Amino acid sequence: MPVESRLIAHPCGPLRGEIELPGDKSISHRAVIFGALADGMSVIHHLLEGEDVLRTVAAFRAMGVPIQRDETGVWRIQGVGIDGLGEPMDILDMGNSGTGIRLLAGLLAGQPFFSVLTGDESLRSRPMRRVAVPLARMGARLLGRDNSRFAPLAIQGTELIGIDYISPVASAQVKTALLLAGLTAAGRTSVTEPALSRDHTERMLAAFGVEVEQNGLTVAVQGRPRLRGLELTVPGDISSAAFPMVAALLVPGSEVTLTGVGINPTRTGLLDLLLEMGADITLLNARAAGGEPVADLRVRHSRLTGIEVPPEVVPRAIDEFPVFALAAACAEGETVVTGAEELRVKESDRIRAIALGLGSQGARIEELPDGLRIQGRPEGLDGGGVAEAFGDHRVAMTLMVAGLAARHPVTVIGRANVETSFPGFAATMIGLGGRIESLTGERA
Ligand code: S3P
């Protein structure tokens, strides 16, 4: 009989306290990848030890890169250089991670060996042609299921040639996959996006000593550079901060400080949207860490007002829409999100998952082809129901925050593995005064 775990989030009193968020997931993947490709040792502090990043660590270990964690949580990567990876003996299983599989597809396309990339059920149903097609133009020999639409991906590495690619999607995964292929390719590789996606790759490559050309929405690298190992501290993940942030906004009497959060402007769309809705969020102690801007965020309970989300903000808030939708569902008035069709191809179809999940707890929320229309209920959600997470960590955390702020508990089912991006989420929320319990039981 399958074992099903359920998480139950209960309505709670004010959330109060100060917390440090786990390391940024995007930056952590890149730190491992570039550290492995560098000459010399890289020392990484505050790496996210979530499942996605640990899959990337395992993949590089399988290609012969010595990576160690000491007892204080510091990671040391003995870089092997861009020509030093070895053929993995087995399939590389990237788990739930779109970033892991797409970035590695780009890197492995130019390596002189054979490799196979796969992942869990969710990852095996996410689109891969967005990387497979441009990589083929560089000369890559890469095949996947259903005419290369889906993983598993089989890659016979070969010599690549740089291209100028105009991407139809604002995707940092596509951009980074091509730049990684470009590192091993002959000549120059450029990527032009329709809107700026997160720029951690550009920042981190520069920190590793690679010359990165940036001109508006175009970024380019020359093939075969040398990366120099470095010491780096990964900022706290603003995408994880989003959950305690929205919880504090919604639960009356709350005041929470989130320390060391990355506030890279390509990632702060949620902050801008919440501030426009009337959120009481103050940025304190702005500083830099690892080539990225960082600050502490003080968040107080606020009355929010619905807004029309400008489509140009969407790429800067792409991972935050599940929890943003919850904030909107508890605001005064209407909120409309459009231009966000990318949400349909995330860890789940997030437009559907959120409309169903929050709808089942009393939210007035309507699915649009490329977004959501939400009529806020400032009195808060009813809760009291069972909501499905569709195996999506961010949907699961959104539903749990919904329970903390609702009138009745919310029970979350459906392979809700929050360890993907936010290890210790429940404990963190409990530490602030939240009430979350985990039940494991057999499903008939
Ligand atoms: C990521 C890019 C985004 C984001 C994902 C992480 C990255 O995906 O949703 O969580 O680290 O490059 P897309 O590139 O598909 O937009």
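Predicted, not measured: the structure shown is a model, and the values here were computed from it. (Residues numbered from 1 in each chain as written. Predicted model: local features only at pLDDT ≥ 70, side-chain atom pairs only at ≥ 80, totals over all residues. Heavy atoms only, no water.)

Student: Honestly, the overall build of the protein chain in this entry has me stumped. Any pointers?
Tutor: Secondary structure assignment for the protein chain yields 13 helices and 23 strands. Contacts spanning at least 24 positions in sequence make up 75% of the contacts within the protein chain whose residues lie at least 6 apart. Total accessible area on the protein chain stands at roughly 16300 Å², and carbon and sulfur atoms take up 51% of it. One finds the centroid of the 42 positive side-chain charges in the protein chain at a distance of 2 Å from the centroid of its 52 negative side-chain charges. (Helix = DSSP H or I, 4+ residues; strand = E, 2+ residues; numbered from the N terminus. Contact = heavy atoms within 4.5 Å. Areas by Shrake-Rupley, 256 points an atom, 1.4 Å probe, with all protein chains shown as cover. Lys, Arg positive; Asp, Glu negative; His and termini not counted. Charge placed at Lys NZ, Arg CZ, Asp CG, Glu CD.)

Student: Whenever I open this one, the state of the cysteines confuses me. Can you help?
Tutor: In protein chemistry, a disulfide is the covalent bond that joins the sulfur atoms of two cysteines. The full count for this structure, using the stated rule, is 0 disulfides. Residue C330 stays outside any disulfide, its sulfur separated by 13 Å from that of C12, the closest cysteine. Given the relative accessible area of 12%, C330 is considered buried. (Disulfide = S-S within 2.5 Å. Buried < 20%, exposed > 50% of the residue type's maximum accessible area, 1.4 Å probe, protein only.)

Student: Which parts of the structure should I look at to understand the side chain of T398?
Tutor: Following the sequence through the fold, T398 ends up in helix α12 (residues 393-405). We classify T398 as buried; its relative accessible area is 0%.

Student: I'm lost on the nonpolar core in this one. Help?
Tutor: When a protein is soluble and globular, its nonpolar side chains tend to lie buried together. Ranked by internal contacts, the top residues of the largest apolar core, which has 81 residues, are M245, L258, L274, F324, L358 and F425. Among the elements that line this core, the one with the most residues is helix α8 (residues 238-250), at 10 residues. The next biggest cluster of nonpolar side chains, apart from the first, holds 68 residues, and it includes I44, V65, L123 and V210. (Core = buried A, V, L, I, M, F, W, Y, C linked by side-chain atoms within 4.5 Å.)

Student: Help me understand the domain arrangement of the protein chain in this model?
Tutor: One widely used convention gives an interface's size as the accessible area the parts lose upon coming together. Domain annotation of the protein chain identifies domain 1 (3-23 + 235-438) and domain 2 (25-233). For domain 1 versus domain 2, the separation of C-alpha centres amounts to 29 Å. Of the residues lining the interface, 31 residues belong to domain 1; the matching set on domain 2 comes to 26 residues. For the domain 1 face of the interface with domain 2, the top three residues by lost area are T266, E347 and T420, together amounting to 21%. Linking R126 and E347 is a salt bridge whose minimum nitrogen-to-oxygen distance equals 3.9 Å. Counting every contact that joins domain 1 to domain 2 gives 15 residue pairs in polar contact (both at pLDDT 80 or more). Secondary-structure elements contributing two or more residues to the side of domain 1 that touches domain 2 are β17 (292-300) and α12. (Domains from an automatic or database assignment. Buried area = accessible area lost by both parts, 1.4 Å probe. Salt bridge = Lys/Arg side-chain N within 4 Å of Asp/Glu carboxyl O. Polar contact = N/O pair within 3.5 Å; in protein donor to acceptor, adjacent residues only side chain to side chain.)

Student: Can you help me understand the sheet that holds strand β12 (residues 213-215) in this one?
Tutor: In a beta sheet, neighbouring strands pair by backbone hydrogen bonds and run either parallel or antiparallel. The 4 strands lie next to each other as β10-β11-β13-β12, forming an open sheet whose pairing is mixed. Looking at strand neighbours, the two that pair on one side only are β10 (164-166) and β12, the edges of this open sheet. When the angles between neighbouring strand axes are averaged without regard to direction, this sheet yields 15 degrees. (Pairing = 2+ DSSP bridges. Axes fitted to C-alpha atoms, helices over the stretch in contact; angles between N-to-C directions.)

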